[in-house]
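Residues per chain are reported as follows:
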Amino acid sequence: MHAVRYHRFGGLDELRYEEVPTPSPAPGEVLVRVGACGVNRVDILSREGQTPYKTPFPHISGSDVAGIVADLGEGVEGIELGCRVAVLPNLSCGECPMCRAGEDNMCVRGGIFGIMCHGGYAEYTLAPARNIVPLPESMGSVDAAAMAIVGGTAWHMLVTRACLRQAEDLLVVAAGSGIGSMAVQIGKLSGARVIATAGSSEKLEKIKALGADFTVDHSRPGWSAEVRRITQRRGVDVVFEHVGEATWEQSLACLTRNGRLVTCGGHTGFNVGIDLWQLFVKQITLIGSFAATRQDLLDVLTMASRGQLRPVLHSVLPLAEAAEAQRLMENRGIFGKIVLTP
């Protein structure tokens, strides 16, 4: 089979499109013929050696996988050859107290598919049977791969963790990203009034078309003042944050009293400041959120199959152009998701 691998940490030139042996499933594993694989910022961080996880070399990235079951390892039950599936991106043991409680994203022995093991930048990939999720009949591999991580993570952030309620004001920071574009839709589906930010007029127009009630250019200094103007100086109930240092201070400034900020990442930097006076005087709640549970992903796929959520695709590229896909993401010029197809 063909795969895109890197043999050491480094730049885009380390990505090599090459022929490798097709893997065979071990007991408890499923071989998936990859129909599509989404591209994520974690793929770049992994290639650069910036994740805390141990990466096997040579490594195949790709955490957003959808395709067809091609082979089953010994002991796998309840999964049929030829069925269309997605791969749950977070790895879990299925046995620890967190897994038994349905919080498999918090597994004490967990990890990320495509980081700690080989992923979907290939024609075939192996996944634990517990990570196999059936696709709705109406959903294709490209749409599923475009939603697996960003859809599940955004749902976990807003619905499971922040408990977004009808008629609340929601601020989605960097809504032109894959996860941001899903957050706008989930916010509207939850009955919230959505204010969304982006760094260009073109992206702001596209965000408006997704259903955002108001848009704000976060490339302008002091953009939080515009959010407060829109809310008549009240501020928002929930901030959806995933950027980190570059937007953190302004994001906090947008919160109303008893407001909640939920965050899942910080690709512009993880070291942020907190004004403790504002924290306790306004009774602000800071919420961490990691990945998504199996149920979160199933909920998102169900909503998508009903037409209530839709993937936002920037482009679909052949697997051999994985380096170009990551370059586009590094340049921050994309809107939505890039998906690779072998």
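Procedures and definitions
Residues numbered from 1 in each chain as written. Predicted model: local features only at pLDDT ≥ 70, side-chain atom pairs only at ≥ 80, totals over all residues. Heavy atoms only, no water. Helix = DSSP H or I, 4+ residues; strand = E, 2+ residues; numbered from the N terminus. Rg over C-alpha atoms; globule rule 2.2 N^0.38 Å. Buried < 20%, exposed > 50% of the residue type's maximum accessible area, 1.4 Å probe, protein only. Contact = heavy atoms within 4.5 Å. Salt bridge = Lys/Arg side-chain N within 4 Å of Asp/Glu carboxyl O. Patch = residues over 30% accessible without salt bridge, like charges linked within 9 Å, V, L, I, M, F, W, Y side chains within 5 Å. Areas by Shrake-Rupley, 256 points an atom, 1.4 Å probe, with all protein chains shown as cover. Axes fitted to C-alpha atoms, helices over the stretch in contact; angles between N-to-C directions. Parallel < 35°, antiparallel > 145°, perpendicular 65-115°, else oblique. Left-handed = near helix turned anticlockwise from the far one by under 90°. Core = buried A, V, L, I, M, F, W, Y, C linked by side-chain atoms within 4.5 Å. 1 Å grid on protein atoms, 1.4 Å probe; cavity = no way out; pocket = protein on both sides within 12 Å on 5 of 7 lines; lining within 4 Å. Points joined across faces, edges and corners; volume = space filled by probe spheres on them. Nonpolar A, V, L, I, M, F, W, Y, C, P; charged D, E, K, R; others polar.

A. Local environment of the overall build of the protein. Broken down by element type, the protein carries 11 helices and 17 strands. Taking 20 Å as the expected radius of gyration for a compact globule of 342 residues, we find that the protein reaches 20 Å, a close match to that expectation. Overall, the protein is about 60 × 40 × 35 Å in size when its C-alpha atoms are taken along their principal axes. Per-residue burial for the protein yields a buried fraction of 52% across its 342 residues. For the protein, long-range pairs separated by at least 24 residues make up 69% of all intrachain contacts whose partners lie at least 6 apart in sequence.

B. Expanded view of the pattern of salt bridges. Summed over all chains, the structure comprises 15 salt bridges. One salt bridge in this structure joins R47 and E48, with 3.9 Å as the shortest N-O distance. Owing to a relative accessible area of 1%, R47 belongs among the buried residues under this scheme. Residue class for E48 comes out partly exposed when judged on its relative accessible area of 33%. One salt bridge connects K337 with D64, and the closest N-O pair in it is separated by 2.8 Å. With a gap of 273 residues between them, K337 in strand β17 (residues 337-341) and D64 in strand β4 (residues 64-72) connect regions that are remote in the sequence. One salt-bridge network, in which partners are shared between bridges, spans D169, R193, R234 and D237.

C. Seen up close, a nonpolar patch on the surface. Residues I274, L276, W277, F280, V281 and L286 make up a contiguous nonpolar surface patch of roughly 600 Å² in combined accessible area. Top contributing element to the nonpolar patch by residue count: helix α9 (residues 276-281), with four residues. Take F280: its relative accessible area is 51%, and that puts it in the exposed class.

D. Region of interest: the packing of helix α4 (residues 148-161) against helix α5 (residues 178-189). Running from N to C, α4 and α5 cross one another at 50°; their axes reach a closest spacing of 9 Å. As the angle between them shows, α4 and α5 are arranged oblique. For the pair α4 and α5, the crossing hand works out as right-handed. Residues V150, G151, T153, A154, W155, M157, L158 and V159 of α4 pack against G178, I179, M182, A183, I186, G187 and L189 of α5.

E. Quick look at the environment of R327. Relative to the assigned elements, R327 resides in helix α11 (residues 322-330). Separated by 255 residues in the primary sequence, R327 and L72 place their C-alpha atoms 35 Å from one another.

F. Region of interest: the environment of D13. Considering the arrangement of structural elements, one finds D13 in the loop between β1 (2-5) and β2 (16-19). In the structure, D13 is positioned 310 residues away from A323 in sequence and 7.5 Å away in space, judged by C-alpha atoms.

G. Quick look at the nonpolar core. Grouped together as the largest cluster of nonpolar side chains are 48 residues, with contacts concentrated most on L170, V172, V184, I207, F240 and L309. Those elements that place two or more of their residues in this core are α3 (141-145), α4, β10 (169-172), α5, β11 (193-198), α6 (201-210), β13 (236-241) and α10 (294-305). No other element matches the six residues that α4 contributes to this core. Beyond its immediate stretch of four places on either side in the chain, L309 contacts M147, W155, M182, Q185, I186, L189, V300, M303 and A304. Grouped together as the second largest cluster of nonpolar side chains are 33 residues, V20, I60, V69 and I132 included.

H. Just the layout of surface pockets, in detail. Of the volumes computed, that of the second largest pocket is approximately 310 Å³. Contributing to the lining of the second largest pocket are 20 residues, with P23, C117, H118, T125 and L126 lying nearest its centre. Here the lining of the second largest pocket gets five residues from one element, more than from any other, and that element is strand β8 (residues 124-128). Tallied by class, residues from the lining of the second largest pocket come to 12 nonpolar, five polar and three charged.

Shape descriptors only; they carry no functional weight alone.
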